[in-house]
Amino acid sequence: MKKNVKAINKPLSGEIEIPSDKSISHRAVMFSSLAKGRSIIKNFSKGADCISSLNVCRNLGVDINYINETTIEINSDGEYNEPKAPLDCGNSGTTMRLMSGILTGQKFNSILTGDASLSKRPMKRVIEPLSLMGAQIESNEYKAPLKIFGKELKPINYNSKLASAQVKSCILLAGLFADGETSFTEPYKSRDHSEIMLKLMGADIKENGLTVTINKSQLSPLNFTVPGDISSAAFFIVAGLIVPNSEITLKNVGINPTRTGIIDVVKRMGGDIRIENINNQNGEPIADIKIRSSKLKSTEISGDDIPRLIDELPVIAVLATQAEGQTIIKDAADLRNKEADRITTIVTALKKLGADIEELPDGFIINGKTTLIGGCELETFHDHRLAMSYYVAGLICEQEIIINGFEWTKISFPEFENLMEKLKIG
Ligand code: S3P
């Protein structure tokens, strides 16, 4: 689907509710499916990725029903049944990587498949540590489909080179089925939603700095409301900062410190961002975020910033084109392994729009502030976050842009365009 976007020549204003967090929704449906009893998840994501997780759990024999548009009820006898067919993870890396951790410890065999984009993404990062636990997984040169042979697992102490919440969660979930203590250590702290939720569900899990340890546990059912997704809020944060004279409020946003890199970066850039009404919802902090368009300066984004804003980097690149000076983003090589190679694609797209941006092996350098000219067509390469980042850039381009493949926004944020329209009306 092609989407034409042009500058609105008026401020964005008003208040919107940010929809459900994708990472937390995945975990809520998967973990509840392993808990004996009835779980209720409110504000479950409508994104296609989380629906993939829900369908995989259903195909493992778990009874899952919608009570209303965003509330699901999960009835489980505490374990999965052997699936009758391959389990389709769609476009979702989180589904495939987390489920592989759970499925290796089951008494049956299973196959995880994915769409063209997911079938190109690296799975060695989970296959290697799971194999150390005694898992047996056949793959297509470390890519999907993954054929998983259920095995008795043994615990490991794993030192990961990557700060990846997907890999960490995969190993912790396998650890739920291994006899003894499994530990996972990462170089920087990645999002800790699995740790928070597993604790809430009674798992024997402990955190000590960058190490998490888990013992074999049976989970208890969950009664949980998913916060709004800061990674979805990011598109509005950037739009509010760069569309002149804007003033917007984003309600109900998850502000777990392992996810708030974007807020810190915006503050470093001199952006007017305020966090209000901080609250705690089932162990996850939430707040309202207020943004006013601002004069911005450049910054460096590297090291332990990266896992705290990895998914926001494409739209942060758009932001940096409007900041005075040189913004450097480095230590983000794993951005090449997302739904698309988000380094080459965002650099190519922003160059096409007229930005001064240079590709690095592990990031990019942007010189600002530049006028974005537009007047061209951009490819999304099946990547939802590229589609929405281009849209935000289109709001300040001199000439209309065309986004090819805009329908991919459905993966994490089907409500994106409607909410943007609401702020355009004000
Ligand atoms: C996610 C972790 C991150 C992130 C992805 C969701 C998660 O991936 O990019 O969108 O839910 O755990 P990595 O663990 O590969 O960094």
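So, how was this worked out
Residues numbered from 1 in each chain as written. Predicted model: local features only at pLDDT ≥ 70, side-chain atom pairs only at ≥ 80, totals over all residues. Heavy atoms only, no water. Near = heavy atom within 4 Å. Polar contact = N/O pair within 3.5 Å; in protein donor to acceptor, adjacent residues only side chain to side chain. Areas by Shrake-Rupley, 256 points an atom, 1.4 Å probe, with all protein chains shown as cover. Helix = DSSP H or I, 4+ residues; strand = E, 2+ residues; numbered from the N terminus. Contact = heavy atoms within 4.5 Å. Axes fitted to C-alpha atoms, helices over the stretch in contact; angles between N-to-C directions. Parallel < 35°, antiparallel > 145°, perpendicular 65-115°, else oblique. Left-handed = near helix turned anticlockwise from the far one by under 90°. Nonpolar A, V, L, I, M, F, W, Y, C, P; charged D, E, K, R; others polar. Pairing = 2+ DSSP bridges.

Participant: I keep staring at the site of the ligand and nothing clicks. Help me out?
Facilitator: All residues adjacent to the ligand are K22, S23, R27, T94, R97, S164, A165, Q166, R191, I310, D311 and K338. One nitrogen or oxygen atom from the side chain of S23 is found 2.7 Å from an oxygen atom belonging to the ligand. Separating an oxygen atom of the ligand from a side-chain N or O atom of D311 is a distance of 2.6 Å. Computed on the free molecule, the ligand has an accessible area of 380 Å², of which 94% lies beneath the protein chains in the complex. Counting residues per element, the ones that place at least two in the shell around the ligand are helix 1 (22-33), helix 3 (93-104) and helix 5 (165-175). Broken down by element, the shell around the ligand gets its largest block of residues, 3 residues, from helix 1.

Participant: Even after reading the chapter, I still don't get the environment of S294, so can you show me in this structure?
Facilitator: Mapped onto the elements, S294 comes out in the loop between strand 17 (284-292) and strand 18 (296-297). Residues S294 and G271, spaced 23 residues apart in sequence, show a C-alpha to C-alpha distance of 5.3 Å. If sequence neighbours within four positions are ignored, S294 has contacts with L241, G270, G271 and D272. In this structure the side chain of S294 is engaged in a polar contact, spanning 2.8 Å, whose partner is the backbone nitrogen of D272.

Participant: Honestly, the packing of helix 7 (residues 230-242) against helix 11 (residues 384-394) in this entry has me stumped. Any pointers?
Facilitator: What describes two packed helices is the angle between their axes and the distance between those same axes. In contact at an axis separation of 10 Å, helix 7 and helix 11 are set at 15 degrees when each is read in the N-to-C sense. Classified by the angle between their axes, helix 7 and helix 11 sit roughly parallel to one another. In this structure, the crossing between helix 7 and helix 11 has a hand that is right-handed. On helix 11, the residues touching S231, F235, V238, A239 and I242 of helix 7 are R385, M388, S389 and V392. Tallied by class, the residues present in the contact of helix 7 with helix 11 amount to 6 nonpolar, 2 polar and 1 charged.

Participant: How should unusual backbone geometry be read in this particular structure?
Facilitator: Most of the time, phi is negative for any residue but glycine, and the peptide bond is trans. Cis peptide bonds are those with omega within 30 degrees of zero, and the linkage from A144 to P145 qualifies with 0 degrees. Assignment of secondary structure puts P145 in the loop between strand 8 (136-138) and strand 9 (146-149). Here G368 and K369 are connected by a cis peptide whose omega angle stands at 5 degrees. Here K369 is to be found in the loop between strand 22 (363-368) and strand 23 (377-379).

Participant: Even after reading the chapter, I still don't get the sheet that holds strand 10 (residues 157-159), so can you show me in this structure?
Facilitator: Sheet strands associate in pairs through backbone hydrogen bonding, adopting either a parallel or an antiparallel arrangement. Taken in spatial order, the 4 strands make up an open sheet running 10-11-13-12, and their pairing is mixed. Looking at strand neighbours, the two that pair on one side only are strand 10 and strand 12 (205-208), the edges of this open sheet. Each strand of the sheet is rotated relative to its neighbour by a mean of 15 degrees, with strand direction disregarded. The pairing of strand 11 (residues 181-185) with strand 13 (residues 211-215) spans 5 bridges and is antiparallel. Residue T182 lies in a different strand from strand 13, and its bridge partner there is I214.

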